[in-house]
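Listed below are the residues making up each chain.
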Amino acid sequence: MPTVSVKRDLLFHALGRTYTDEEFDELCFEFGLELDEITSEKDIISREQGDTKAEGASDVILYKIDVPANRYDLLCLEGLVRGLQVFKQKMEAPRYRRVSPASSEPQRLVITEETTAVRPHAVAAVLRNITFTQERYDSFIELQEKLHQNVCRKRTLVAIGTHDLDTISGPFTYTAKPPGDIRFKPLNQAKEYTAQELMSLYKTDSHLRHYLHIIEDEAVYPVIYDSNGIVLSMPPIINGDHSKISLNTKNVFIECTATDLTKAKIVLDMMVTMFCEYCEEPFTVEEAEVVYPDGRTCQYPELAYRKETLSADFINRKVGISESTEHIAQLLTKMCLRSEVMSDGEQIEVEIPPTRSDVIHACDIMEDAAMAYGFNNIPRTTPRTYTIANQLPLNKLSELLRQDLAAAGFTEALTFALCSQEDIADKLLKNISETRACRISNPKTAEFQVARTTLLSGLLKTVAANRKMPLPLRLFEISDVVLKDESKDVGARNNRRLCAVYYNKSPGFEVIHGLMDRVMQLLEIKPGQGNGYHIQAADDSTFFPGRCAEIFACGKSIGRLGVLHPDVINRFELTMPCSALDIDIEHFL
């Protein structure tokens, strides 16, 4: 859940009254939020960087409020205050309007065909005659960052650009050019750079370096120019310094470039609806015209209102209450969903504003009604269905085996389900193509490239990290591995396995063999052919030649045990012999 930090005194001033911390915590709960922490900038810096760094920092009390991930309208002070005021019935939900410019044509943003290769979509709007204070300006910038991290998916889906309209002139052109052909002075820099130089410059920037990968491998980079050839921005990386907004900005041009047009519309709607109350004519937004490469034109922002119809009986049944249609309509209106009872007295017509993109289905409306009613006010009832819960047989077997392996003197380990290709292939002397591994398409680090196909590599890494512990080291793990399987609808399946290792000055094959015998004894499988279990010599590159055996139970191969190959030991940075057991326990269900 996103966390919104707001200054307590500023929040109370906007709400028109003060609350104790307990009262505001209760108000947040009633509205479906959570007051996560009460702190200050000084406390945060002191906790993260030490008391010395915190000297001189602000002591202003901050409320950190957890907001549902899909409530983009609550990511800033303005939206939070508006929602709470409507909820407390101190004001009616505002009605947002798109208006045409009073004395000229709308601002125009022309999209060229070259953008198709990188970020094909763009939307735009104008906040006309807006008045910023320091607090409003800070909130405006912070909302952009919150949206970038949330619905924009760290700018991969949408990137927001805001510009002082009085410093630039339309029409604007959104195009894409080779990096060497783009040159401008970026935000807060003293000189001009080419796009190539900027990518190198920002590789060490703690903030912007996280977004470079989005376009750095593309042949062309997106860029927005005004009619005089001035660069407004190079999305999704940086805006131009020429058009940066300030406290004195009166007219703001907002553009959103995107790979997802629906998300772009949502983001633009959020930006303008949250701050249009500071315009000379509150809650109005000046439209902008977007011209597509095929000649189509669209006016933005959409600020679309839509209506849904549902019955009071549906809400009463789903929530577990018995309220009149009129009262349910009032509850929904408190949640910024204007509602009216229809002529039949049973149906409710609900108007969903552009700020509530989270409302997709009738169930979302029902949830808001439950929230406004108060979750603590819903009467407790006995469930109508009677079921007895049971542990999954596979999990029950796993738990029983864990207890007995621990009793046998082995310590349980819990290792990562993701690992590098090297861990499951090269280090185990195997070819990656033989492992049936599922690869991660865009791994964050080289450590997490594939889903593990064996538990052995994780246990050996655990042994390596605990080399200084007294010998012998006895470790085991019972967990899932992931294997490609074309017969499954997702192309892969989980497989529950048991793996154990014994690390000491001597290989300890007899110890691992004894552990296998104990496991079979617990599973009530007797030694022998047919319905029993037995081992036979096998060749496996992971194990020392002549010191590997394949395990058979009830006529099926279920795993292997043996002494690990010295090359495997070395590749995991170990110095002593190690024996291992790896079996599939799903065969015993």
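What you see is a predicted model, and the numbers here were worked out from it, not measured in a lab. (Residues numbered from 1 in each chain as written. Predicted model: local features only at pLDDT ≥ 70, side-chain atom pairs only at ≥ 80, totals over all residues. Heavy atoms only, no water.)

### A short note on the pattern of salt bridges
Line of reasoning, step 1. For the structure on display, the rule yields 33 salt bridges.
Line of reasoning, step 2. Residues D9 and R8 are paired through a salt bridge, measuring 3.3 Å at the closest nitrogen-oxygen approach.
Line of reasoning, step 3. Judged by relative accessible area, which is 25%, R8 ranks as partly exposed.
Line of reasoning, step 4. Put simply, D582 and R497 hold a salt bridge, and the shortest N to O gap is 3.1 Å. With D582 in strand β28 (residues 578-584) and R497 in strand β24 (residues 492-503), the pair connects residues that are 85 residues apart, well separated along the chain.
Line of reasoning, step 5. Bridged by salt links that share partners, the residues D423, K427, E447 and K461 form one connected network. (Salt bridge = Lys/Arg side-chain N within 4 Å of Asp/Glu carboxyl O. Buried < 20%, exposed > 50% of the residue type's maximum accessible area, 1.4 Å probe, protein only. Helix = DSSP H or I, 4+ residues; strand = E, 2+ residues; numbered from the N terminus.)

### Points about the sheet that holds strand β17 (residues 306-311)
Line of reasoning, step 1. The strand order across the open sheet formed by 3 strands is β17-β19-β18, and the pairing between neighbours is antiparallel. Where the open sheet ends on each side, the last strands, each with one partner, are β17 and β18 (338-341). In this sheet, neighbouring strand axes are inclined to one another by 25° on average, regardless of whether the strands run parallel or antiparallel.
Line of reasoning, step 2. Alignment of β18 against strand β19 (residues 347-352), held across 4 bridges, turns out to be antiparallel. By the bridge assignment for β19, E340 is matched with E349.
Line of reasoning, step 3. Packed onto the sheet, helix α9 (residues 312-319) meets β17 and β19 and runs at close to 70° relative to β17. (Pairing = 2+ DSSP bridges. Axes fitted to C-alpha atoms, helices over the stretch in contact; angles between N-to-C directions. Contact = heavy atoms within 4.5 Å.)

### Here we look at helix α11 (residues 362-373)
Line of reasoning, step 1. End to end, α11 covers 17 Å across 12 residues, agreeing with the expected 16 Å (1.5 Å per residue, within 8%).
Line of reasoning, step 2. Residues of α11 that are buried sit in contact with α2 (21-30), α5 (77-87), β17, α9, α10 (325-334) and β19.
Line of reasoning, step 3. Immediately beyond the C-terminal end of α11, within one or two residues, lies G374, with a positive phi of roughly 105°. (Expected span 1.5 Å × (residues − 1).)

### Side note on the sheet that holds strand β27 (residues 556-564)
Line of reasoning, step 1. Reading across from one edge, β20-β23-β24-β28-β27-β26-β25 is the order of the 7 strands in this open sheet, with mixed pairing throughout. In this open sheet, the two edge strands, each paired with only one partner strand, are β20 (411-412) and β25 (533-537).
Line of reasoning, step 2. Where β25 lies against strand β26 (residues 543-553), 5 bridges are found, and the strand directions are antiparallel. Residue pairing across strands places I535 opposite I551, the latter belonging to β26.

### Some details on the UniProt feature "domain: B5" (unreviewed entry) in the protein
Line of reasoning, step 1. With numbering aligned to this structure, UniProt lists the feature "domain: B5" (unreviewed entry) at residues 303-380.
Line of reasoning, step 2. Overall, residues 303-380 shows 38% helix and 21% strand. The separation of its end C-alpha atoms is 40 Å. (UniProt positions renumbered as here; feature names shortened; annotations may be inferred.)

### Quick notes on the pairing of strand β16 (residues 297-300)
Line of reasoning, step 1. Looking at chain direction, strand β15 (residues 284-291) and β16 are connected through 4 bridges and run antiparallel. The residue bridging E289 from the neighbouring strand is Q299, located in β16.
Line of reasoning, step 2. The turn linking β15 back onto β16 is made up of 5 residues, and G295 within it adopts a positive phi angle of 95°.

### Some details on the packing of aromatic side chains
Line of reasoning, step 1. Under the definition given, this model contains 13 aromatic pairs.
Line of reasoning, step 2. Centre to centre, the rings of Y19 and F24 are 6.1 Å apart; their planes meet at 65°, and the pair counts as edge-to-face. Like F24, Y19 is buried.
Line of reasoning, step 3. Three or more aromatic residues joined by ring pairs form one cluster here, namely F132, Y137, F140, F275 and Y278.
Line of reasoning, step 4. The cationic tip of R95 hangs over the ring face of Y305; the distance from NZ or CZ to the ring centre is 4.2 Å.
Line of reasoning, step 5. One cation-aromatic arrangement involves K427 over F572; the distance from NZ or CZ to the ring centre is 5.2 Å. (Phe/Tyr/Trp six-rings, centres within 6.5 Å; stacked < 30°, edge-to-face > 60°. Lys NZ or Arg CZ within 6 Å of the ring centre and 35° of its normal.)

### Section: the packing of α10 against α11
Line of reasoning, step 1. Relative orientation of the contacting elements α10 and α11 amounts to 95°, with a least axis distance of 8 Å. Relative to α11, the element α10 is oriented roughly perpendicular. Along the contact surface, α10 presents H327, L331, L332 and K334, while α11 presents I365, D368, A369, A372 and Y373.
Line of reasoning, step 2. Taken together, the residues that form the contact of α10 with α11 break down as 6 nonpolar, 1 polar and 2 charged. (Parallel < 35°, antiparallel > 145°, perpendicular 65-115°, else oblique. Nonpolar A, V, L, I, M, F, W, Y, C, P; charged D, E, K, R; others polar.)

### Regarding helix α14 (residues 456-465)
Line of reasoning, step 1. Burial runs high along α14: 7 of the 10 residues are buried.
Line of reasoning, step 2. Taken together, the buried positions of α14 are L456, S457, G458, L459, L460, V463 and A464.

### Let's talk about a negative patch on the surface
Line of reasoning, step 1. A contiguous patch of negative charge on the surface is contributed by E22, D25, E26, E30, E34 and D36.
Line of reasoning, step 2. The set of elements that each furnish at least two residues to the negative patch consists of α2 and β2 (34-40).
Line of reasoning, step 3. The element best represented in the negative patch is α2, accounting for 4 residues.
Line of reasoning, step 4. Secondary-structure assignment places E30 in helix α2. (Patch = residues over 30% accessible without salt bridge, like charges linked within 9 Å, V, L, I, M, F, W, Y side chains within 5 Å. Areas by Shrake-Rupley, 256 points an atom, 1.4 Å probe, with all protein chains shown as cover. Lys, Arg positive; Asp, Glu negative; His and termini not counted. Charge placed at Lys NZ, Arg CZ, Asp CG, Glu CD.)

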